[in-house]
Every structure is written in C-alpha cells, then in structure tokens.
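The residues making up each chain are set out below.
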Amino acid sequence: MPSQAEARALETARVCFHCGEPVAPDLDLSVVIDGESRAMCCQGCRAVASLITGSGLENFYRQRTNYNERPESQAPPNLEAFRVYDDPLLAATFSESREDGTVEVSLLLGGVNCAACTWLIEHSMNRLPGVSQALVNLQQSRLDIRFDPAHQTLSGLFAHVHNLGYRPRPYHTSTARKQASEQYRADLRRLAVAGLGMMQVGMFAIALHAGDIQGIEENYRALLRWVSLPVAGFVVVYSARPFFSAAWRHLRRGALVMDLPVSLAIGLAFAASAWATISGSGQVYFDSVVMFTFLLLLARFLERRSQQRQLFIWSDAESSLPSAATLQRNGQWVTVPRMQLRPQDTILVKAGDSVPVDARVLQGNSAVKEDTFNGEHLPRAVAAGDTIFAGTVNVDAAVQASVLVDYKDSRLAALQRSVEMAQHSKPRITILADRIASWFVAGILLVTTTTALVWWQTVPDQAFWIALSVLVISCPCALALATPAALTNAAAALRARGIIVRTENALESLSGCTHLLFDKTGTLTQGLLTIAEVRPLGDMPGAAVLATAAALQRYSTHPVARAFSAIEEAPGGVDITYVVGAGLEGYFGDQRYRIGSLHFCREIAPDFPATPERGLYWIGLCRQGAPLAWIGLTDAERPESRGVVGTVREMGLHIELLSGDSSAQAPLLARRLGIQTVNSNQSPQQKMAHVQALQRDGAVVAMVGDGLNDAPVLGVADASFAVSGATDLARSQADFVIVDGNLEQITETLHKARQCRQVIRQNLAWALGYNLCAIPLAAMGFVPPWAAAIGMSLSSLLVVGNSMRLHRGTPCKASTC
Amino acid sequence: MQSLYLLIPIALVFCVIAIKLLLWAISSGQYDDLDKEAWRILADDDPAKPEPSTRDRSTPAPNDD
C-alpha cells in the first residue's frame with residue numbers, strides 16, 4: 001500500500017528523544033525535558049526519561065553524545081527477579097563485606113555508551129539511601145558501589161540501575177578480565193616511562209646538538225652523554241622489552257615480523273651510542289632510540305585500548321538467561337537462582353519470560369519464540385511432551401516443565417561453544433607490513449654486512465661507523481608506523497561517524513573482501529512485524545478492520561500484536577480471551593469476533609476463504625458467520641537496504657543472504673533486493689560452516705548480523721558488522737558495531753577501509769623508497785650522522801601526516817556528536 | 001658551568017621521583033578509565049534538585065539530534 005509506505009517514510013522524522021528509534025505515528029507519549037515536550041517511542045523509554053528528569057538529572061540529556069539504548073521490557077520491571085541477588089550465597093560471588101559493615105559490590109552494566117551515562121548513574125546511585133560511594137568505570141562498563149546493607153539491599157541497587165534504563169549483571173572477576181586489566185596497566189607504565197625518559201633524554205640531546213653546532217667542551221659533552229646513557233638504558237630495558245620478546249618469540253619459530261627490525265634498530269642504535277659514550281668517540285643516538293620507542297608504544301597502546309573495551313563488554317550466551325527461576329519445591333513455587341536448577345526439577349515459565357534451561361513441557365500449551373537459534377519472529381507452538389530450550393522466550397501462556405539437562409549440556413551452551421570455536425578459527429590475515437618486514441630484515445642485514453666487509457678492506461678504522469650509519473638510516477620507524485598510524489586514523493574517523501571499530505586489523509581484511517553476507521531478520525529488515533496489506537472480505541472497510549483487530553490484540557503479548565499497537569482501537573470490545581496457539585476472541589455488543597488462524601476463524605465463520613498465496617504472514621478476522629478480512633503481516637525491509645545492496649554490488653562484492661528463517665520470506669526478500677544467492681533455514685553452526693567453506697575456496701568474507709544465532713558466524717568471518725539493537729553476544733563477536741542502525745554505514749566503512757589500504761600502501765612505498773635511496777648513500781659513507789637522524793624523523797612525520805588525511809571529508813555526524 | 005655537575009644529577013633525581021609517582025598512580029588504578037575523567041572535569045559536581053523553571057530560558061535547545 002503506497003499510502004502506508006509514505007506514512008512510514010514520514011514518521012521516520014519523528015524519533016524517540018531517549019533512544020533515537022522511530023516513533024510510531026499516532027503514538028502520543030512524551031516527557032517534558034528542559035521545559036520542552038519530547039516524544040517517546042514506548043512506555044519503557046518514558047519511564048526512564050521521567051525518572052531521570054524527575055530527579056533533576058536532565059543535564060544528562062544535554063551532555064550525552066549518543067542515544068540511549070531502548071529499555072528491554074516495556075512492562076514495568078519485574079523487581080521480583082532481582083530478589084535472587086539478596087541470596088547471601090549468590091551475592092558472595094560478586095560482593096565483598098568490609099570491616100566497617102559496608103558491602104562493596106561490582107556490577108557489569110549493559111547499555112553504557114558515553115561519559116554522560118557514568119555521570120547519570122553515579123549521581124543517581126549516590127542519592128539512594130545507604131549508598132556511600134558509586135563509581136563507574138566506563139572502559140570496563142563496571143559499576144562499583146559501596147553500601148550499608150542495613151539501609152539498602154542488593155536487589156534494590158539492581159532495580160535502580162534497571163530503572164535508569166541500563167542492564168545490570170553481577171560482575172564476576174574472570175582470569176581473562178584480570179589479565180586484560182593487568183596488561184593495560186603494564187602498557188601504560190611502559191608508555192609513561194618512555195614518555196618521561198624521552199623528555200629527559202631530549203633535553204640532553206638538545207644541549208648536545210647545540211654543542212655540535214657552536215662548540216662544546218669535551219668534558220661537558222661527556223657528562224651529557226653519560227647521563228643520557230642510564231636514562232635511555234632504562235627505557236630500552238623497561239619499555240622496549242615487548243618488542244624484543246615478540247621478535248625473539250617469532251624468530252624461534254622461524255618467522256620474521258616487524259618487531260625484529262624494530263628491536264634491531266633499538267638495540268643496535270643503543271649499543272652503538274653506549275659504545276660511543278664509553279670510548280668517547282663517534283655519535284650518540286639516545287634521543288632517537290627513546291623517541292622511537294615512545295611513538296611505537298603509543299600507537300600500540302591506542303590500538304589495544306580500543307580492543308580492550310571489547311573484552312570488557314565481552315559477553316557469553318549464558319548471560320542472556322534470567323538469573324532467577326521459579327522452582328517447585330515441596331509443593332510450593334519458590335524463586336531460586338538459576339544455577340541451583342538440577343535435572344528432573346519442575347520449573348514454571350511464565351508468559352513473557354525467558355526459558356532458563358532446556359526442559360520438557362509437562363503441562364500447559366504455549367508458544368516459544370526461538371529467534372535465538374533461527375532468527376525467526378514467529379513462535380513455535382509447544383504442548384506437553386515438547387522440548388523448550390534455554391534462551392528462548394515463552395510467549396503465550398505459563399507452562400510447567402521438567403528440567404532436562406544442566407546448562408553446560410544445553411543447546412545454548414553448544415551455541416556458546418561454537419562462538420569460542422569461531423574465535424579460534426578466525427583467519428589471521430598476514431599484515432602487509434609483516435610480509436615486507438621479512439624481506440626488509442634480510443636485505444638490511446645483507447647490505448650492512450657487505451658494507452662492513454667492503455670498508456674493512458679499504459679503510460678499516462671507518463668500517464664500524466659506516467656500517468652503523470647504514471643500520472641507523474635504515475631504521476624502520478616509518479615502516480613500522482606505516483600500518484598502525486593509518487589504521488588508528490581510519491578507526492577514529494569511523495568512530496566520529498557512529499561506527500565503533502573494535503578490531504582495527506579488520507579494516508585491512510575488509511578492504512580486500514570478496515563476499516558480503518547478510519542476515520535477514522533485524523539486519524536487512526526492521527526486525528518487527530508490520531501490517532503490509534489488508535484484504536477486506538466482507539462489508540467492513542479497511543480502516544474499521546484494523547481498528548477492530550487492534551482492539552482484539554490489545555492485551556496480547558504475541559509478536560503479532562505489536563504490529564497493531566499504534567492503531568487506535570475500535571471502542572466497545574469486551575470479554576477478550578486468548579486461545580493458545582489459535583488467536584483471540586472478543587465481543588462487540590453481542591457480536592462475537594475472532595482474529596487468528598484460518599482454522600480458528602472457520603469455527604465461527606465456516607465459509608472463510610483460503611489463505612492468499614503471497615508470501616506474507618496472514619491472519620484472519622471474522623464475525624460470527626461472516627468473514628471480514630485477511631490481514632497480511634510482514635517484516636518490512638529497512639528503507640536503505642536496497643540502496644546498500646546495490647552500492648556494494650557496484651563495488652564488486654558478491655552478495656549473499658544467510659538466514660535462519662525457514663519461511664518463504666527469505667527468497668522473496670532476496671528477489672526484491674536483487675540478491676541472487678540465498679541460503680535459508682540455516683542453524684548457527686551451518687552458517688558458520690558455510691562461511692568457512694567459502695573461506696577455504698579463497699574468499700574473504702564479511703558478514704552483517706544482529707542476533708545470538710549470528711554470533712558464531714560473526715566470529716569466524718574475516719570482517720563482521722553488528723547492527724544496532726544487536727544482542728550483546730553478537731556485538732562482542734563483531735569487528736564493527738553500527739551505532740545508529742543505518743545500513744549505509746556499511747558502504748561507508750567499506751570505502752574507508754579501501755581508502756585506508758591505499759594510505760597504508762603509500763606509507764609503505766614511501767618508507768621503502770626512502771630506505772632504497774638513503775641506504776646506498778650511507779653505505780658509501782656520504783651521510784653524516786645528523787643527516788641520518790633528521791631524515792629518519794622527517795620520514796616518520798610524513799607517514800603520520802599522510803595517515804591523518806584519512807580524517808578528512810568525514811564530518812561529524814550530528815546524531816553522534 | 002661547574003654547576004652542571006650538581007644540577008643534572010638533581011634533575012635526574014626529580015625524574016626518578018616523577019616516574020615512581022606515576023607508576024604508583026597507575027598501579028593504584030587512577031588511570032584505569034581515561035575516557036571518563038576527561039569528561040568529568042567539565043560536568044557539574046552535584047546537579048541541583050528539580051528546578052525546571054529556571055532552566056527554560058537560560059539554555060538554548062539541547063542538541064538532541
């Protein structure tokens with residue numbers, strides 16, 4: 001229907017002030033913030049925004065740099081679920097009692113994405129009774145709270161964080177997290193020492209250079225050299241150690257990497273300078289040694305910092321499960337921590353709750369939404385005897401079920417294991433610079449040795465210094481900086497546009513990728529069912545059909561009902577009842593109406609016609625004895641999908657659709673978008689295997705996805721994107737996260753990656769070209785040491801400056817700045 | 001110029017002290033979160049309790065998009 005498409009296009013202009021998602025037309029929810037009425041997209045956002053403004057923290061909205069995440073549940077939060085954390089045994093795993101009676105607890109926060117969030121959380125938490133200190137670590141998404149258990153409960157703290165619109169979880173210190181945090185501090189220490197050392201040695205070096213120009217007494221020159229020696233020595237031993245150890249580690253395995261020429265340059269330049277100091281001859285290069293160390297450490301530190309953030313938002317499949325479960329014990333229903341569930345226990349899963357563990361239904365009819373495993377929206381009907389899986393959502397009605405296996409044997413745990421396997425089998429690209437490095441090292445060693453030998457024959461007393469100047473001038477600063485400088489700048493430029501780059505090296509893979517694979521639901525489509533078509537069958541016009549349907553769907557939690565939530569209901573609907581697995585029934589006046597499956601409608605309207613054939617999801621509406629309409633629902637594609645697919649194809653990539661969906665939707669969507677290759681009905685493991693098969697054939701594969709079921713394939717692809725609204729697990733596996741959910745960012749990233757590759761090549765060409773010109777001159781003894789030092793610095797600066805060009809032409813996007 | 005023999009070692013001692021202090025600060029976790037601190041220094045210390053009326057005119061429309 002064109003009119004509806006137009007309406008949809010119009011309404012995108014109206015976005016929720018809190019989370020930035022489109023607001024459905026006719027939806028009138030708003031909160032007064034800073035004296036202006038702001039539109040909200042759902043009750044959840046409204047509740048959070050009201051809480052924030054109600055406590056005088058609206059300054060947050062002025063300071064934030066990103067939209068917030070949409071709160072998970074639209075219903076009032078189920079505080080009961082947090083009560084399990086008051087259990088002393090469970091609480092002890094992530095909290096600590098102090099001597100003065102207070103308790104310190106660490107929470108892992110989901111949804112914290114800018115510094116303003118930390119401000120909001122800290123100030124809001126500090127006002128709670130009994131809380132003496134609340135500190136957020138943004139880098140680790142961690143909240144540390146100290147509170148008095150006499151005045152505050154753990155569940156109260158969880159509930160408050162939840163009410164602010166963030167997702168609290170217990171923060172368990174794992175070895176990986178501890179190691180990462182220790183590594184970070186060690187890196188920072190090395191960088192700090194190198195920085196301070198650089199200043200000191202630089203100061204002495206200026207005096208020495210000035211002395212070279214205007215003359216300096218021999219004893220002062222010796223003094224300055226002698227004091228530079230220990231400082232530079234300390235920097236080399238303490239800060240530059242990672243280069244030496246990495247070079248040695250690879251050398252033992254017979255691999256020549258960039259760290260080797262770096263270590264050679266640092267080690268030899270330092271040794272030569274030390275020898276010059278002791279013997280009182282020659283030239284010292286202490287300043288170059290220390291500065292080079294500092295710059296390389298800085299580049300490495302920045303890169304690792306962006307990678308580390310991903311480790312801390314690291315999430316596993318298990319964390320998507322509820323922490324509490326309702327268990328039958330001695331005939332009573334009790335809430336217990338999920339870990340206490342054992343096989344054969346009888347559990348109760350209420351409508352709307354996640355299934356905590358793989359179980360067999362004992363009693364009750366319902367439907368479970370299994371998008372965790374297949375990405376589909378439409379739930380699967382279950383009855384007694386059917387198995388329900390951990391991580392799926394029970395949609396329709398409460399069921400009792402018997403626990404089958406522990407978490408570690410569940411289907412979800414198998415998914416998690418695939419994710420881990422994917423991480424290990426992710427192809428490691430050989431970085432171009434490393435490939436060059438091996439040739440470079442071999443070449444340098446050869447040239448140096450030849451030079452030394454030739455000069456030894458002719459002028460023996462000059463041989464050592466000339467050979468050394470060859471080594472120094474070939475110092476691979478520029479070569480070593482060429483790649484990291486370009487990658488860091490490209491990542492920063494992308495970040496400014498709302499794309500979080502989590503593994504910078506993925507930019508190099510992306511620039512050479514041959515295949516781009518899309519997930520369907522939530523990636524190419526919006527991930528929500530919307531009304532695509534209304535086919536009246538009786539006397540009732542379309543608008544009235546929708547109003548009646550909306551009235552019947554009013555209280556349903558089924559995914560279908562969300563499509564009707566924005567439509568104004570027809571008045572007078574009463575006695576609405578839900579028939580599990582069939583549909584809804586209600587009365588207008590004394591007329592009975594039904595909405596739901598064909599079979600359900602035919603029960604009261606026997607001449608209801610057969611389902612139309614087009615590939616939509618059809619539901620029927622009828623009155624007692626009279627069919628009224630077919631309503632066709634579909635998961636509408638994102639408006640930009642078609643354009644993105646077209647652009648990417650023009651860039652020469654092969655596009656495939658890889659969907660977990662088993663319905664007829666996938667091929668239809670593919671045909672509409674012009675995608676030839678479609679693989680539907682794929683399990684997470686099959687998706688992963690498909691990508692690996694492509695990779696074996698030599699393809700470089702990029703993948704775009706959002707769901708838990710995409711996590712393994714995102715992990716194994718050479719480069720991967722998670723779109724906004726993606727599950728934590730998918731985000732933690734993706735190399736790029738698109739914050740604003742606009743698929744056009746994919747083409748943007750592709751362009752930037754290619755541009756970045758070009759800059760890397762220019763940098764490498766310059767660095768190599770410079771060396772090719774300078775080395776022969778040095779070998780012939782034409783280059784004085786000061787010229788070598790200047791040439792080295794200039795060439796590094798040129799590489800850094802060239803990389804900065806990647807920033808140009810990327811204006812800050814309004815929504816992220 | 002004789003004083004250099006005294007001044008340079010003193011400078012080195014200060015350098016050692018500065019490095020020690022910095023290493024201590026890093027070990028005690030003061031540099032664990034570099035993102036927040038840069039922003040926090042500009043933020044209000046303690047926001048006032050609700051006072052919607054006074055803010056209306058003083059602030060231009062917040063940059064919400």
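In the block above lies the structure referred to throughout.
Engineer: Could you clarify how one ought to interpret the overall build of chain B in this entry?
Structural biologist: Counting secondary structure elements, chain B contains three helices and zero strands. When its helices and strands are written in sequence order, chain B yields α-α-α. A total of 65 residues make up chain B; the buried ones form 23% of that total. Summed over its atoms, the accessible surface of chain B is roughly 4,700 Å², and 65% of this surface lies on carbon and sulfur atoms.

Engineer: Help me understand the environment of A:Leu57, please; the structure alone is not making it clear to me.
Structural biologist: Along the chain, A:Leu57 falls in the loop between helix 2 (43–54) and helix 3 (59–63). Counting along the chain gives 63 residues from A:Leu57 to A:Leu120, while the straight-line C-alpha distance between them is 6.9 Å.

Engineer: Whenever I open this one, the sheet that holds strand 13 (residues 380–382) of chain A confuses me. Can you help?
Structural biologist: Whether parallel or antiparallel, the strands of a sheet pair through hydrogen bonds between backbone atoms. Residues and elements named next belong to chain A. Taking strand neighbours across the sheet as the criterion, the three strands line up as 13-12-15 in an open arrangement whose pairing is antiparallel. Two strands in the sheet have a free side with no partner beyond their single neighbour: strand 13 and strand 15 (393–394). Looking at chain direction, strand 12 (residues 366–369) and strand 15 are connected through two bridges and run antiparallel. Note on strand 15: the bridge partner recorded for Lys-369 is Val-393.

Engineer: Can you walk me through helix 25 (residues 684–696) of chain A in this structure?
Structural biologist: Residues three or four positions apart in an α-helix share a direction because the helix packs 3.6 residues into each turn. Residue and element names in this part refer to chain A. A rise of 1.5 Å per residue sets the reference length of helix 25, with its 13 residues, at 18 Å; its end C-alpha atoms lie 19 Å apart and thus fit the reference within 8%. All of the buried residues in helix 25 are Pro-684, Lys-687, Met-688, His-690, Val-691, Leu-694 and Gln-695. The arc that holds the buried residues of helix 25, viewed along the axis, is 155°, so those residues lie on one side. Count one or two residues on from helix 25 and you reach Gly-698, which has phi positive near 95°.

Engineer: Looking at this model, I keep getting lost on unusual backbone geometry. Mind explaining?
Structural biologist: All names here are of chain A. Although it is not a glycine, Asn-330 adopts a positive phi angle of roughly 50°. Counting through the fold element by element, Asn-330 comes out in the loop between strand 8 (324–329) and strand 9 (332–337). Overall, the relative accessible area of 77% leaves Asn-330 in the exposed class. Within the chain, Asn-681 stands out as a residue other than glycine whose phi angle is a positive 60°.

Rules behind the numbers
- Residues numbered from 1 in each chain as written.
- Chains lettered and ligands numbered in written order.
- Predicted model: local features only at pLDDT ≥ 70, side-chain atom pairs only at ≥ 80, totals over all residues.
- Heavy atoms only, no water.
- Helix = DSSP H or I, 4+ residues; strand = E, 2+ residues; numbered from the N terminus.
- Buried < 20%, exposed > 50% of the residue type's maximum accessible area, 1.4 Å probe, protein only.
- Areas by Shrake-Rupley, 256 points an atom, 1.4 Å probe, with all protein chains shown as cover.
- Pairing = 2+ DSSP bridges.
- Expected span 1.5 Å × (residues − 1).
- Arc of directions from axis to C-beta.

It is worth stressing that arrangement in space is one thing and function is another; only the former is reported here.
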